[in-house]
Amino acid sequence: MFTTYRFWFLMVSVMGLFAFSGCKKESKISQQGQRCGGSVKCAQGLKCWSGTCEDLSGGSAACKFVKESSGAIMNAAPKDLLKGLEFEYDPNFISEIPNSAATIYKAFAQGMPERSCKRLMECEMPKLGIGYSWFWTRAAYEATKTIPEGAKKVSADAVAVNVQGWEGTAIGDDPTIFPDVKIRQMNMHRFGCKAEVEVKVREDFAGFVTFHFWRKTGCEFAEAEKGVADSKPGFKCQGEEMLKDPKYTYTVYLYPFTSQQLEAQKKGEKNKDKAARAFFTGNPGTYKVDIWAYNPIDEAMFGEHKQFEDESEMKKYPGFAFCPKYKEDPKENGCGCIGFVDRKVTVTLDPDPFFMPLDEEKCAKQAESEAAKKEEK
C-alpha cells in the first residue's frame, strides 16, 4: 500500500513537471517597425512607442539635428542672428517661432523614433515662420553647423539688379506705398532719390538682399574758365563709393513661397495697386521695385551739394543745380539724386545657410498615415 502511494505521487509530480515546462507561453519578440504591446515585446535596445517597436535613443542624424536645432531656436536672439543687417522685423511674428520650436523640443522628453524626427524636420520645421525662415535656419545652423538632409544650399549669386528709372522726389506718409523704415528715416527731410529697379531672381533664394546707392567722391566745384567761350561751371569728382549707411540702402528678406503660400501672402496685401505691381519674393522671376535714398543737404557727404547764402548768388549759374538751404517745407527742398552716381544701384546678398522646402502633399499623406495607425490600436 505504501509502495503504491509512493508510485502515484511520483507519477503526478513528473507529469506536473512536464506540464509546467512544456506548456509555458513564451513572449513574442518584435523587431524595429513591428507591432508591440501586451505579450508582444520589443527586441533589446528597442521600446514600444505608439504600438510599434522603435529606437528611441535619438542617435540618428535627423533626431540629433531636430533636437539640437529646436533647443537653439528656443533661445535665439533676432539681433544676434541678423549680425549687423539693418532689417526691421515684426517682433510679434518672431516670438511665435521659439514657442513652436519649444513644442518640438519637448516632444523628445519621452523619446523620439527616427521616422518621427524625419517628419518633424521635413514637415514641421519649414513651418517655423513661413517667409521668416532666416530666424530658424540661422539659429539651427549656428548650433549644428549642419545642412539637413533634403535642404537646399542657397546661392550667393542668385539676384541681379538693373536700374530703369531715376528721379528726385518726395516720399509720402502711407506705409502701404512707401517703406515704413524710409518714412521714419526721412522724418526731418522728405526729399530724396527714387530708383525704379528691375530685379531678376535667377533661382530659389532665401536670404537678405541689400540695395546700395553709390555716391561720387572727392567732388569740388570749379568756376568757368575766364576767356574760354565754351567753359561752364561744374563739379570735378575723383571717384565713386558704394554706400552702406541705412539711409542710402534698403534691405529686404526674400523667401521662395509655394503656390499655396504665395496665394495666402497676396491676399494679405493691404494695397491692391502695390500687390498688382509686384509681390517681391525669392521665387525665380523679374520684379519691379522702388528703392529710396535719403538725400540731406550735406556738403561733407555729397560735394555736389554746394550751398549759397542767398538766391542772387545762385542766379549767376542759370540751368545749374545747386542745393538751397533748408526751407520750412521738408518735401520741397533738397537735391533729389544730386551727389549720387547717376542710375547706379547694386546689391549685396546674405543668403540663409540653407532652405528647407515644404512638400505639402507629402506631409499631408504622412499625417493621414499617422492618424490611421493610431486608430488601429
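Starting from 1, residues in each chain are numbered consecutively following that chain's sequence as written. It should be noted that, the model being predicted, local features are given only for residues of pLDDT at least 70 and side-chain atom pairs only at 80 or more, the latter also being counted only at that level, while totals for whole chains, interfaces and linings use all residues. With hydrogens and water set aside, each side-chain value is computed from the structure's full complement of heavy atoms.

**Student:** I would appreciate a short explanation of the nonpolar core in the present structure.
**Tutor:** The nonpolar side chains of soluble globular proteins are, as a tendency, buried together. What makes a nonpolar core is a set of buried Ala, Val, Leu, Ile, Met, Phe, Trp, Tyr and Cys residues whose side-chain atoms join them at distances within 4.5 Å. Relative accessibility decides the category of a residue: with a 1.4 Å probe and only protein chains considered, values under 20% of the type maximum give buried, values over 50% give exposed, and everything between is partly exposed. Within the largest apolar cluster, 66 residues are counted, with the highest numbers of intra-cluster contacts made by Trp-134, Phe-211 and Phe-213. Any pair of residues with heavy atoms lying within 4.5 Å of one another is described as a contacting pair. Other than its neighbours up to four places away in sequence, Trp-134 contacts Pro-78, Leu-81, Leu-82, Phe-87, Tyr-89, Ile-94, Phe-208, Tyr-253 and Asp-352.

**Student:** Help me out: how do you make sense of the pairing of strand E6 (residues 191–201) in this one?
**Tutor:** Working note: regular strand, side chains alternate between the two faces of the sheet. Secondary structure elements follow DSSP: runs of H or I no shorter than four residues count as helices, runs of E no shorter than two count as strands, and numbering proceeds from the N terminus. Across the 11 residues that make up E6, a large majority, eight, are buried. Paired strands, in this sense, are two strands between which DSSP finds at least two bridges. Pairing of strand E5 (residues 159–170) with E6, which is carried by 11 bridges, proceeds in the antiparallel orientation. Residue pairing for E6: Glu-167 is matched across the bridge by Lys-194. Across 10 bridges, the pairing between E6 and strand E12 (residues 285–294) is antiparallel.

**Student:** What is the right way to read the packing of helix H2 (residues 61–75) against helix H4 (residues 91–106) from this model?
**Tutor:** Helix-helix packing is described using two parameters, namely the angle between the two axes and the distance between the axes. Remark: H2 packs on H4, axes separated minimally by 8 Å, with the N-to-C direction vectors making an angle of 145°. As for the relative orientation of H2 and H4, their crossing is left-handed in sense. Seen from H2, the contacting residues are Val-66, Lys-67, Ser-70, Gly-71, Ile-73 and Met-74; seen from H4, they are Ile-97, Pro-98, Ala-101, Ala-102, Ile-104 and Tyr-105. Gly falls in the polar group here, along with every residue not listed as nonpolar (Ala, Val, Leu, Ile, Met, Phe, Trp, Tyr, Cys, Pro) or charged (Asp, Glu, Lys, Arg). Along the lines of polarity and charge, the residues of the contact of H2 with H4 split into nine nonpolar, two polar and one charged. Only C-alpha atoms enter the line fits that serve as axes; for helices the fit covers just the stretch in contact. Angles between N-to-C directions range over 0 to 180 degrees. In this scheme the handedness of a crossing depends on how the near helix is turned from the far one: anticlockwise by less than a right angle means left-handed, clockwise means right-handed.

**Student:** I keep staring at the sheet that holds E12 and nothing clicks. Help me out?
**Tutor:** Two orientations exist for strands paired in a sheet by backbone hydrogen bonds: parallel and antiparallel. Strand order in the open sheet formed by three strands is E5-E6-E12, and the pairing between neighbours is antiparallel. The open sheet is flanked by E5 and E12, the only strands paired with a single partner. Along the sheet, successive strands turn relative to each other by an average axial angle of 20°, direction set aside.

**Student:** Can you help me understand a negative patch on the surface in this one?
**Tutor:** Here, patches come from residues exposed beyond 30% relative accessible area and free of salt bridges, joined within 9 Å for like charges and within 5 Å for nonpolar side chains (Val, Leu, Ile, Met, Phe, Trp, Tyr). For the accessible areas, the method is Shrake-Rupley and the probe is 1.4 Å, while residue cover comes only from the protein chains on display. Throughout this description, the term salt bridge denotes a Lys or Arg side-chain nitrogen within 4 Å of a carboxyl oxygen of Asp or Glu. The charged-residue count follows a simple rule in which Lys and Arg add positive charge and Asp and Glu add negative charge, with His and chain termini not counted at all. Here the site of a charge means NZ on Lys, CZ on Arg, CG on Asp, or CD on Glu. A cluster of acidic residues, Glu-223, Asp-310, Glu-311 and Glu-313, forms a negative patch on the protein surface. With a relative accessible area of 30%, Glu-313 lands in the partly exposed category.

**Student:** Got a minute to help me understand the packing of H2 against helix H5 (residues 114–124) in this structure?
**Tutor:** Contact pair H2 / H5: the axes reach a minimum separation of 8 Å and the direction vectors enclose 50°. Taken together, the axes of H2 and H5 lie oblique to each other. Note that H2 runs across H5; the crossing there is left-handed. In this structure, H2 contributes Ala-62, Cys-63, Phe-65 and Val-66 to the contact, and H5 contributes Glu-114, Cys-117, Lys-118, Leu-120 and Met-121. Along the lines of polarity and charge, the residues of the contact of H2 with H5 split into seven nonpolar, no polar and two charged. The scheme is simple: roughly parallel for angles under 35 degrees, roughly antiparallel for over 145, roughly perpendicular for 65 to 115, oblique for anything else.

On their own, these measurements won't tell you what the molecule is for.
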